[in-house]
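Structural features, examined
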Amino acid sequence: MTKHIFVTGGVVSSLGKGLTSASIGMLLERRGLSVRLQKLDPYINVDPGTMSPYQHGEVYVLDDGTETDLDLGHYERFTNSPLTRWSSWTTGLIYLRVIEKERRGDYHGKTVQVIPHVTDEIKSCIANLDAPDVDVVITEIGGTVGDIEGLPFLEAIRQYSLDVGKENCLYIHLTLVPFLKAARELKTKPTQHSVEKLRQIGIQPDLLICRTEHTISEEDKAKIALFCNVEKKAVIEEKDKDFSIYEVPLGLLENGIDQLIINKLRIDKAKTINLDDWRELLLRLRNPKHDVTIAVVGKYAKHRDAYKSIYEAIIHGGIAENAQVRVLRIDSEFLDRGDTLQDLMKADGILVPGGFGERGIEGKIRAIQIARENKIPFLGICLGMQCAAIEFGRHVLGFEDANSTEFSADTQHPVICLLDEQRGVTNVGGTLRRGAQRATLRENSIALNCYGKQEISERHRHRYEFNPEYRERYEAAGMKVVGTSPDGKLPEVIEIDGHPFFVAVQFHPEFKSQPTNPHPLFAGFIKAAVEHKT
Ligand code: GLN
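Residues numbered from 1 in each chain as written. Predicted model: local features only at pLDDT ≥ 70, side-chain atom pairs only at ≥ 80, totals over all residues. Heavy atoms only, no water.

A word on the site of the ligand. Taken together, Gly 354, Gly 355, Phe 356, Cys 382, Leu 383, Gln 386, Glu 406, Arg 461, His 462, Arg 463, Tyr 464 and His 508 form the complete shell of residues around the ligand. Glu 406 is positioned such that a nitrogen or oxygen atom in its side chain is 2.7 Å from a nitrogen atom of the ligand. Contact with the protein chains removes 98% of the 290 Å² of surface that the ligand exposes when unbound. Those elements that provide at least two residues to the shell around the ligand are helix H15 (383-395) and strand S19 (455-462). Here the shell around the ligand is composed, by residue class, of 4 nonpolar, 5 polar and 3 charged. (Near = heavy atom within 4 Å. Polar contact = N/O pair within 3.5 Å; in protein donor to acceptor, adjacent residues only side chain to side chain. Areas by Shrake-Rupley, 256 points an atom, 1.4 Å probe, with all protein chains shown as cover. Helix = DSSP H or I, 4+ residues; strand = E, 2+ residues; numbered from the N terminus. Nonpolar A, V, L, I, M, F, W, Y, C, P; charged D, E, K, R; others polar.)

This is how it looks when you write it as structure tokens:
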């Protein structure tokens, strides 16, 4: 029988519920259990694909093309739980399904209501991950307890334990225990209030995870336990980790969370834990042999979460190469401000990430020109590859107005353009070329050298493509298409002859990098940066 863990959050948002859920998943997986993770987000967008990164951070993409919340990126970096479209739900998607059923007549004339129809739909999404070979499903509820839009989700998870048996469900509530400077004290009241809110809905948490800057005293733990009606040993401290997010699971392990969960859910097949590889990666992070600076040039430079997976993949590349990586986040709109250009020139590597829309494009092109001309290692991702093609067209091939038709519909040189499958698409949501696509790499390329194999599969999320009509002219001038779709038609990877590391890819390698399994392109990029520096 599949057991269920529900993770809710209270007091404030941004407590790291995703990271905590991922860490719990990882610990259970390493106790030999088969785990699945999913996220239920209460907003009305059908998926986060239509949301600006300013709103909700990066849009994370799964193999099957599902556009999801960035927390699913944490799940994939920490665990090997396979994620699919069944792992990501929103109010919008749930309602869409309910309304489609109503239109089909599936409700046989009934009045369709939040309870039971919407809550039933939510419960069916949760149950969807049950399988004979799945031991535990971890369901994270987005938002904070007390949000109006979260209510149907909380009601559904409350009912869930009635349906499958209380002994098969575990409720974990993540809260904040703030430190009041003036009083020089940790405060437990917000946690008490948050649990009170949850209990009003009918959910009694089994386990409290308390985010805190300082150690929570035994006395405070006892107080939280008493007022929140949980056992004292189930009040788990989760102290801020200044050094690395990859320390979070170790902190939870020290507090015995895995055993508590296993006992409470009465799971009898758990093994002893082995975290040797994880400890090893932290050791490498702590004892780097090199240090390099990578400039990430994008329009969301100020927003930490907008390029989440890229920043993580850079760290993973550093782990692979024993390098501490300092990331310089450069706003592509303001390249000429202050010392930015000099900083860029001094960087050991330049990365231009993906994006949509014209804002900041010229700065990205300028940064790529600097990387190309100064032989600074360069990694271009999606829009970053498209900008690399534009830059090369303008400055090497002499196509002055070379552009993408995304930014200039009537350019003389549409080196990036829409191909047939995207012409005529009018809806914005869910219509990009998305998900895992295979590609074949050419002999004697840097990319092949990194991957060590010719056939690869990487995730995509874009509408525009390198215009195949320009391919020959580019290759003749030194920009080579070294990776294509298996039929040879779509350029997927480009490189420049004679540059130590100039690799630009139409896909998103950052979505497949794990700290224990750094992505080969990021490892290669950091290696090139280390070599560039020395
Ligand atoms: N805007 C570009 C396109 O649609 C690039 C997308 C991306 O970088 N993810 O093709």
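Read on, since the account is not over.
The sheet built from 9 strands is open, its strands ordered S13-S12-S14-S15-S23-S22-S21-S18-S19 with mixed pairing. Across the chains shown, the open sheet's two edge strands, defined by having one partner strand only, are strand S13 (323-331) and S19. For this sheet the average axis-to-axis angle between neighbouring strands, irrespective of direction, equals 30°. (Pairing = 2+ DSSP bridges. Axes fitted to C-alpha atoms, helices over the stretch in contact; angles between N-to-C directions.)

Another point: the sheet that holds strand S7 (residues 169-176). With parallel pairing, 7 strands are arranged side by side in an open sheet as S5-S2-S6-S1-S7-S10-S11. Each edge of the open sheet carries a strand with a single partner, namely strand S5 (88-90) and strand S11 (235-239). The average angle at which neighbouring strand axes cross in this sheet is 20°, direction not considered. The strands touched by helix H1 (residues 17-29) within the sheet are strand S1 (3-9), strand S2 (35-41), strand S6 (136-141), S7, strand S10 (207-212) and S11, with S6 carrying the most contacts at an inclination of about 175°. (Contact = heavy atoms within 4.5 Å.)

Another point: a nonpolar patch on the surface. A surface patch of nonpolar side chains, amounting to about 340 Å² of accessible area, comprises Tyr 95, Ile 99, Val 114 and Ile 115. Elements that contribute at least two residues to the nonpolar patch include exactly helix H4 (91-104) and helix H5 (114-127). One can find Val 114 in helix H5. (Patch = residues over 30% accessible without salt bridge, like charges linked within 9 Å, V, L, I, M, F, W, Y side chains within 5 Å. Salt bridge = Lys/Arg side-chain N within 4 Å of Asp/Glu carboxyl O.)

Here Arg 463 is to be found in the loop between S19 and strand S20 (464-466). For the buried Arg 463, which has no salt bridge, the nearest side chain bearing the opposite charge is Glu 406, at an N-O separation of 7.3 Å. In this view, Arg 463 contacts Leu 418, Gln 422, Val 425, Asn 427, Val 428, Thr 431 and Leu 432; residues no more than four positions away in its chain are not counted. (Buried < 20%, exposed > 50% of the residue type's maximum accessible area, 1.4 Å probe, protein only. Lys, Arg positive; Asp, Glu negative; His and termini not counted.)

With that settled, consider the state of the cysteines. Scanning all chains against the criterion turns up 0 disulfides. Here Cys 169 stays unpaired: no disulfide links it, and the sulfur of Cys 125, its closest cysteine neighbor, is 16 Å away. (Disulfide = S-S within 2.5 Å.)

Tallied over the entire structure, the rule returns 15 aromatic pairs. Note on Tyr 60 and Phe 511: the rings are 4.9 Å apart at their centroids and 70° apart in plane angle, and the pair reads as edge-to-face. Of this pair, Tyr 60 sits in strand S3 (residues 60-61) while Phe 511 is found in the loop between strand S23 (502-505) and helix H18 (520-533), placing the two residues 451 residues apart along the sequence. Like Phe 511, Tyr 60 is buried. An angle of 45° between the planes, with centres 5.9 Å apart, marks the rings of Trp 86 and Trp 89 as tilted. Each member of the aromatic cluster is reached from another via a ring pair, and the members are Tyr 54, Tyr 300, Tyr 307 and Tyr 311. (Phe/Tyr/Trp six-rings, centres within 6.5 Å; stacked < 30°, edge-to-face > 60°.)

So, on to the pairing of S7. The buried fraction of S7 amounts to 7 of the 8 residues, a majority that puts the element mostly inside the structure. In this structure, S7 lies alongside S10, joined through 5 bridges in parallel fashion. Paired with Leu 176 across the bridge in S10 is Arg 211.

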